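The residues making up each chain are set out below.
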Amino acid sequence: MHPAPSLIAFTTLSGLGFGLIFWLGLGLPDATGWVALTFATIAMGLATAGLLSSLFHLGNPQRFMKALTQWRSSWLSREGVLAVVTLTMFALYTLLWVWFDMRFRPLGLVCGGLALATVYCTAMIYAQMKGVPRWHSAFVPLLFLGYALGGGALLAGQVRMAGPLLLLLTGLQILAWWRGDGAFARAGTSLGTATGLGDRGVVRPLEPPQTGTNYLLDEMAYRVARRRSRALRLIAILGIGLVPGLGMLVLPTGHALALLFVLAHLLGTMAARWLFYAEAEHVVGLYYGRR
Amino acid sequence: MTTLPDSTDRSLGLVIDLDTCVGCHACVVACKEWNTGAYGAPLSDQDAYGAAPSGTFLNRVHSYEVTPADAPAMVVHFPKSCLHCSDAPCVTVCPTGASYKRVEDGIVLVNESDCIGCGLCAWACPYGAREMDRAAGVMKKCTLCVDRIYNDTLPEEDRVPSCVRTCPAGARHFGDLSDPESSVFQLVEARGGMDLMPEQGTRPVNKYLPPRDRDALPEMDVLGPLLAPVEAQPGGFLGWLDRTLEKL
Ligand code: SF4
Ligand code: SF4
């Protein structure tokens, strides 16, 4: 699948933002006044920036309000609705927290739950795609939630939580890559089943329908940079978990070091997200002799 | 509402005969011609006369080669457009309600004035039957020529999808696939019509008729038995020449 920068930015930033909302909603860290406002602004800023960047992916962004209507059937719609509700509730929570110095626990817990539900919906947009076997897996919601919880804890400065969470996340990510590499073969879709001719013999593409390219190939049979997959996986492993995770367990904490860990984590997450799209193969590629 | 109907009154769709299709792409051109001027945004082209042309098409013809274990390879031309699936994954993913499946005839359509162009439905379709129009930013797909088949202003014989009307080989058939009396239903029964990617669970309405086996000619060697086997060792002049040359 085409790794659109707007989608990578959206899923990474909004995941972090909602993850931070979760921890702030739980009452961590214990802050007041300006510090509290800064934390809340970062959380809402990341989540909103992510949502805004996803608008760039649309062909007709001016009609985006319509996307909030089909929550009964569509995960994308559910995500949109939950994101709006979460941000509204959290704004209220922040108001009470910063200006009235009142950290209203029930509201915080509701915000935290809603934030995780939003991330879950984002993940399900991908996990529901049967035509993309690598995505059609329980690992996808687990990973998205893992990134939100781990990255959120890191941003919230919850060193004791973040370290183990990020190491756990790294393990989960490695497991997901390993399972994902065989997903296409396990799904059982081939050019034989795609054309219905597989029973008769070996099917091979002879002529594509057009001499140039088309939307389907650009969007769904993206193959650039898969060669770099090993290197990117290594960067991701180091960035998302090993450097910040081990670093936090071993080294003394300080603001400069924390910033470094956040940046490493962000870089690792971006690399992993790039691979999440670039390595996902859509069955439609079979018709074109590409995967 | 982008939930799917439990059942539809009719299941209009196409039956495509892979035995008859000659791969002339006439249906591709007819489809583009009708649908660029009919319902919704035109089917745009990008860089049409330049180095890297591309464009929106609702119907494309692939060509494949099938090599059986015990027979010569054969070429199969393979037209592909929306299969108007009964369990259409493209419909349920749509966040806006722009995509829907009609209860009265089972046609899957996009209401372009509601479409935000998120492209999720194109991801969800395993067949590549939906293409985002890059000029209009809305999703385009086969409408089964909904603006022809019910169009009283057209002569009766033209009230079929444009691709069906134009196919010079008669490889495309249109009708109600849920009606056992219909010609398309009977064609599918008689020829063993098949689903594409049944494992994806989409339950397509459109069916494909497999190519018939090619005739295998029996060994018909009429003169062979009458001919004397060729001499292993040539005699006479040729034999002398052969022996002489060998000595050199
Ligand atoms: S062929 Fe694709 S676009 Fe058409 S109904 Fe089926 S899933 Fe939807
Ligand atoms: S591109 Fe349009 S029709 Fe397709 S899912 Fe998005 S809003 Fe619905």
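Residues numbered from 1 in each chain as written. Chains lettered and ligands numbered in written order. Predicted model: local features only at pLDDT ≥ 70, side-chain atom pairs only at ≥ 80, totals over all residues. Heavy atoms only, no water.

Student: Quick question: what am I supposed to make of the overall build of chain A here?
Tutor: Within chain A, the regular secondary structure consists of 11 helices and 1 strand. Computed over the C-alpha atoms, the radius of gyration of chain A is 21 Å, within 12% of the 19 Å expected from 2.2 N^0.38 for a compact globule of 291 residues. Here the C-alpha coordinates of chain A stretch approximately 75 × 45 × 30 Å along the principal axes. Across the 291 residues that make up chain A, the buried fraction comes to 52%. At a minimum sequence separation of 6, the contacts of chain A that also span at least 24 residues come to 77%. Of the roughly 12,800 Å² of accessible surface on chain A, a fraction of 71% belongs to carbon and sulfur atoms. Chain A carries 22 positive and 10 negative side-chain charges, and their two centres are separated by 3 Å. (Helix = DSSP H or I, 4+ residues; strand = E, 2+ residues; numbered from the N terminus. Rg over C-alpha atoms; globule rule 2.2 N^0.38 Å. Buried < 20%, exposed > 50% of the residue type's maximum accessible area, 1.4 Å probe, protein only. Contact = heavy atoms within 4.5 Å. Areas by Shrake-Rupley, 256 points an atom, 1.4 Å probe, with all protein chains shown as cover. Lys, Arg positive; Asp, Glu negative; His and termini not counted. Charge placed at Lys NZ, Arg CZ, Asp CG, Glu CD.)

Student: What is the right way to look at unusual backbone geometry in this model?
Tutor: With glycine set apart, most residues show a phi of negative sign, and most peptide bonds adopt trans. Along the chain, L28 of chain A connects to P29 of chain A via a cis peptide bond; the corresponding omega equals -5°. Position of P29 of chain A among the secondary structure elements: in the loop between α1 (5–26) and α2 (33–55). If you check the backbone angles, H25 of chain B has positive phi at about 65° while not being a glycine. Looking at the secondary structure, you find H25 of chain B in the loop between β1 (12–17) and α1 (26–37).

Student: Looking at this structure, I do not really get the interface of chain B and chain A. What am I missing?
Tutor: When the parts of a complex come together, some accessible area is lost, and that lost area is often used as the size of the interface. If you look at the interface, chain B gives 62 residues, while chain A gives 60 residues. Taken together, the two surfaces of chain B and chain A that pack against each other cover about 4,700 Å², and 57% of this comes from carbon and sulfur. Looking only at chain B, the three residues that lose the most surface to chain A are Y64, I116 and W123 of chain B, adding up to 17% of its buried area. Summed over the shared surface of chain B and chain A, the number is 4 salt bridges. There are 30 residue pairs in polar contact (both at pLDDT 80 or more) connecting chain B and chain A. With 8 residues, the top contributor of residues to the side of chain B that touches chain A is strand β4 (residues 60–67) of chain B. Residues of the side of chain B that touches chain A, tallied by class, amount to 34 nonpolar, 17 polar and 11 charged. (Buried area = accessible area lost by both parts, 1.4 Å probe. Salt bridge = Lys/Arg side-chain N within 4 Å of Asp/Glu carboxyl O. Polar contact = N/O pair within 3.5 Å; in protein donor to acceptor, adjacent residues only side chain to side chain. Nonpolar A, V, L, I, M, F, W, Y, C, P; charged D, E, K, R; others polar.)

Student: So what exactly am I meant to see when it comes to the state of the cysteines here?
Tutor: Across all of its chains, the model carries 0 disulfides over all chains by this definition. There is no disulfide at C111 of chain A, and the cysteine sulfur nearest it, in C121 of chain A, is 16 Å away. Of all cysteine sulfurs, the one in C145 of chain B lies closest to C31 of chain B, which takes part in no disulfide; the gap is 6.5 Å. Residue classification places C31 of chain B among the buried positions, given a relative accessible area of 8%. (Disulfide = S-S within 2.5 Å.)

Student: Got a minute to help me understand the packing of helix α3 (residues 75–99) of chain A against helix α4 (residues 105–127) of chain A in this structure?
Tutor: Between two packed helices, the angle of one axis relative to the other and the distance separating the axes together describe the packing. Residues and elements named next belong to chain A. At a minimum axis distance of 8 Å, the contact between α3 and α4 shows a crossing angle of 155°. Overall, the two elements α3 and α4 adopt an arrangement that is roughly antiparallel. Every pair of crossing elements has a handedness; the one defined by α3 and α4 is left-handed. Grouping the constituent residues of the contact of α3 with α4 by class yields 20 nonpolar, 4 polar and 2 charged. (Axes fitted to C-alpha atoms, helices over the stretch in contact; angles between N-to-C directions. Parallel < 35°, antiparallel > 145°, perpendicular 65-115°, else oblique. Left-handed = near helix turned anticlockwise from the far one by under 90°.)

Student: Where do I start with the site of ligand 2 in this structure?
Tutor: Near ligand 2 you find 13 residues, and of these C94, C115, C118, G119 and C121 of chain B are the closest. Taken together, the residues that form the shell around ligand 2 break down as 9 nonpolar, 4 polar and no charged. (Near = heavy atom within 4 Å.)

Student: Can you help me understand the layout of surface pockets in this one?
Tutor: One water molecule sets the probe size; rolling that probe over the atoms shows where empty space is left. Approximately 590 Å³ is the volume attributed to the largest pocket. Residue lining of the largest pocket: 27 residues in total, with L51, S54, L55, L76 and E79 of chain A positioned closest to the centre. Of all elements in the fold, only α1, α2, α3 and α4 of chain A together with α3 (120–124) of chain B reach the threshold of two or more residues within the lining of the largest pocket. The element that contributes the greatest number of residues to the lining of the largest pocket is α3 of chain A, accounting for 7 residues. In terms of residue class, the lining of the largest pocket is made up of 20 nonpolar, 6 polar and 1 charged. (1 Å grid on protein atoms, 1.4 Å probe; cavity = no way out; pocket = protein on both sides within 12 Å on 5 of 7 lines; lining within 4 Å. Points joined across faces, edges and corners; volume = space filled by probe spheres on them.)

Student: Would you explain the nonpolar core in this entry?
Tutor: What tends to happen in soluble globular proteins is that the nonpolar side chains get buried as a cluster. One finds Y126, W135 and Y287 of chain A together with W123 of chain B to be the most contacted residues of the largest nonpolar core, which totals 132 residues. No other element matches α4 of chain A, which puts 10 residues into this core. Apart from residues lying up to four places away in sequence, W123 of chain B is in contact with M1, L7, Y126, M129, W135, E219, M220, Y277 and H282 of chain A. Among the nonpolar cores identified, the runner-up in size contains 6 residues, and L177, V184, V188 and V205 of chain B belong to it. (Core = buried A, V, L, I, M, F, W, Y, C linked by side-chain atoms within 4.5 Å.)

Student: Just to check I follow, could you spell out the packing of aromatic side chains for this structure?
Tutor: Two numbers describe a pair of aromatic rings. These are the distance of the centres and the angle of the planes. Applying the stated criterion to the full structure yields 18 aromatic pairs over all chains. Note on F22 of chain A and W23 of chain A: the rings are 5.1 Å apart at their centroids and 80° apart in plane angle, and the pair reads as edge-to-face. Accessibility assignment for this pair places F22 of chain A and W23 of chain A in one class, buried. An angle of 10° between the planes, with centres 5.0 Å apart, marks the rings of F78 of chain B and Y208 of chain B as stacked. Within this pair, whereas F78 of chain B is found in strand β5 (residues 74–80), its partner Y208 of chain B is found in strand β11 (residues 207–209), the two being separated by 130 residues in sequence. We note that F78 of chain B, like Y208 of chain B, is buried. A network of ring pairs unites the aromatic residues Y126, W135, F144, F276 and Y277 of chain A together with W123 of chain B as a single cluster. (Phe/Tyr/Trp six-rings, centres within 6.5 Å; stacked < 30°, edge-to-face > 60°.)

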